[in-house]
Amino acid sequence: QVQLVESGGGLVQPGGSLRLSCAASGSIFSINTMGWYRQAPGKERELVATITSGGSTNYADSVKGRFTTSRDNAKNTVYLQMDSLKPEDTAVYYCYAYLRSSWSRPTRDYWGQGTQVTVSS
């Protein structure tokens, strides 16, 4: 059983910062890509940022220069540092991992339960 547990969401004023964390636990053989998606009310879930096991990153255009993702492979943890937050960043943020739970199982997607980020004055 694999679990992804996010932490760090909350309410912040425009221009402020938040740091999200997500730890993967349970039966894990290897983790390929980890990252973050978000879903605002009435909108589809969208990619925010991803990072491979080798450290290559990919960001949505809307967050480039403001958000930074990183990971600690030894801790199976991914982070999202969010700076210069805007009201349009308000959404539920979901942790994502593309991983293999055992040598005999295929690599597949896993998701966290989501954490609310609200940017408002």
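Before reading further, recall that the structure is shown in the block above.
Keep in mind that this is a model prediction, so the values were computed, not measured.

**Q** Please explain the state of the cysteines as it appears in this structure.
**A** Two cysteines form a disulfide when their sulfur atoms are joined by a covalent bond. Within the structure shown, the criterion is met by one disulfide. Across the disulfide from Cys22 sits Cys95; the S-S distance is 2.0 Å. Across the disulfide from Cys22 to Cys95, rotation about the S-S bond amounts to roughly -80°, and the bridge is consequently left-handed. Taken as a pair, Cys22 in strand 3 (residues 18–26) and Cys95 in strand 9 (residues 91–100) lie far apart in primary sequence, 73 residues in all. Grouping residues by exposure puts Cys22 and Cys95 together as buried.

**Q** It is not clear to me how the packing of aromatic side chains should be interpreted in this structure. Could you clarify?
**A** Within a pair of aromatic rings, the relevant descriptors are the distance that separates the centres and the angle that separates the planes. Summed over all chains, the structure comprises three aromatic pairs. A ring pair is formed by Tyr37 and Trp111, whose centres lie 5.1 Å apart and whose planes are at 70°; its orientation type is edge-to-face. Placement of the pair is Tyr37 in strand 4 (residues 30–39) and Trp111 in strand 10 (residues 108–111), with a sequence separation of 74 residues. Trp111 sits in the partly exposed class, given a relative accessible area of 36%. Members of the aromatic cluster, each reached through a chain of ring pairs, are Tyr37, Tyr96 and Trp111.

**Q** I'm lost on the sheet that holds strand 8 (residues 77–82) in this one. Help?
**A** One key point about sheets: their strands pair by backbone hydrogen bonds, in either a parallel or an antiparallel sense. Across the sheet, four strands lie side by side as 1-3-8-7; this open sheet has antiparallel pairing. The sheet is open, and its two edges are formed by strand 1 (2–7) and strand 7 (67–72), each paired on a single side. Averaged over all pairs of adjacent strands, the angle between their axes in this sheet comes to 15°, without regard to strand direction. In this structure, strand 1 lies alongside strand 3, joined through six bridges in antiparallel fashion. Across the sheet, the residue bridging to Val2 is Gly26, located in strand 3.

**Q** Would you take a moment to explain the pairing of strand 7 for this structure?
**A** Along a regular strand, successive side chains alternate from one face of the sheet to the other. Burial of strand 7 is one-sided: the residues Phe67, Thr69 and Arg71 facing one way are buried, the residues Thr68, Ser70 and Asp72 facing the other way are not. Where strand 7 lies against strand 8, six bridges are found, and the strand directions are antiparallel. Across the sheet, residue Asp72 finds its bridge partner in strand 8, namely Thr77.

**Q** It is not clear to me how the nonpolar core should be interpreted in this structure. Could you clarify?
**A** One recurring pattern in soluble globular proteins: nonpolar side chains tend to sit buried together. Counting 30 residues, the largest nonpolar core has Trp36, Val48, Phe67, Leu80, Met82 and Tyr93 as its most contacted members. Taken together, the elements giving at least two residues each to this core come down to strand 1, strand 3, strand 4, strand 5 (46–51), strand 8, strand 9 and strand 11 (115–119). It is strand 9 that provides the largest number of residues to this core, a total of five residues.

**Q** Even after reading the chapter, I still don't get the side chain of Thr33, so can you show me in this structure?
**A** When you line up the elements, Thr33 lands in strand 4. Here the side chain of Thr33 touches Asn32 through a polar contact of 3.2 Å, side chain to side chain. Non-local contacts of Thr33, meaning those with residues more than four positions away in its chain, are made with Thr50, Ile51, Thr52, Arg71, Tyr96, Ala97 and Tyr98.

**Q** Could you clarify how one ought to interpret the pattern of salt bridges in this entry?
**A** Side chains that differ in sign of charge can pair as their charged atoms come close. Within this structure, the stated rule accounts for four salt bridges. Between Asp89 and Arg66 there is a salt bridge, with its nearest N and O atoms 2.8 Å apart. With Asp89 in the loop between strand 8 and strand 9 and Arg66 in the loop between strand 6 (57–59) and strand 7, this residue pair connects regions lying 23 residues apart in the sequence. Across this residue pair, the class does not change: Asp89 and Arg66 are buried.

Conventions we followed
- Residues numbered from 1 in each chain as written.
- Predicted model: local features only at pLDDT ≥ 70, side-chain atom pairs only at ≥ 80, totals over all residues.
- Heavy atoms only, no water.
- Disulfide = S-S within 2.5 Å.
- Helix = DSSP H or I, 4+ residues; strand = E, 2+ residues; numbered from the N terminus.
- Buried < 20%, exposed > 50% of the residue type's maximum accessible area, 1.4 Å probe, protein only.
- Phe/Tyr/Trp six-rings, centres within 6.5 Å; stacked < 30°, edge-to-face > 60°.
- Pairing = 2+ DSSP bridges.
- Axes fitted to C-alpha atoms, helices over the stretch in contact; angles between N-to-C directions.
- Core = buried A, V, L, I, M, F, W, Y, C linked by side-chain atoms within 4.5 Å.
- Polar contact = N/O pair within 3.5 Å; in protein donor to acceptor, adjacent residues only side chain to side chain.
- Contact = heavy atoms within 4.5 Å.
- Salt bridge = Lys/Arg side-chain N within 4 Å of Asp/Glu carboxyl O.

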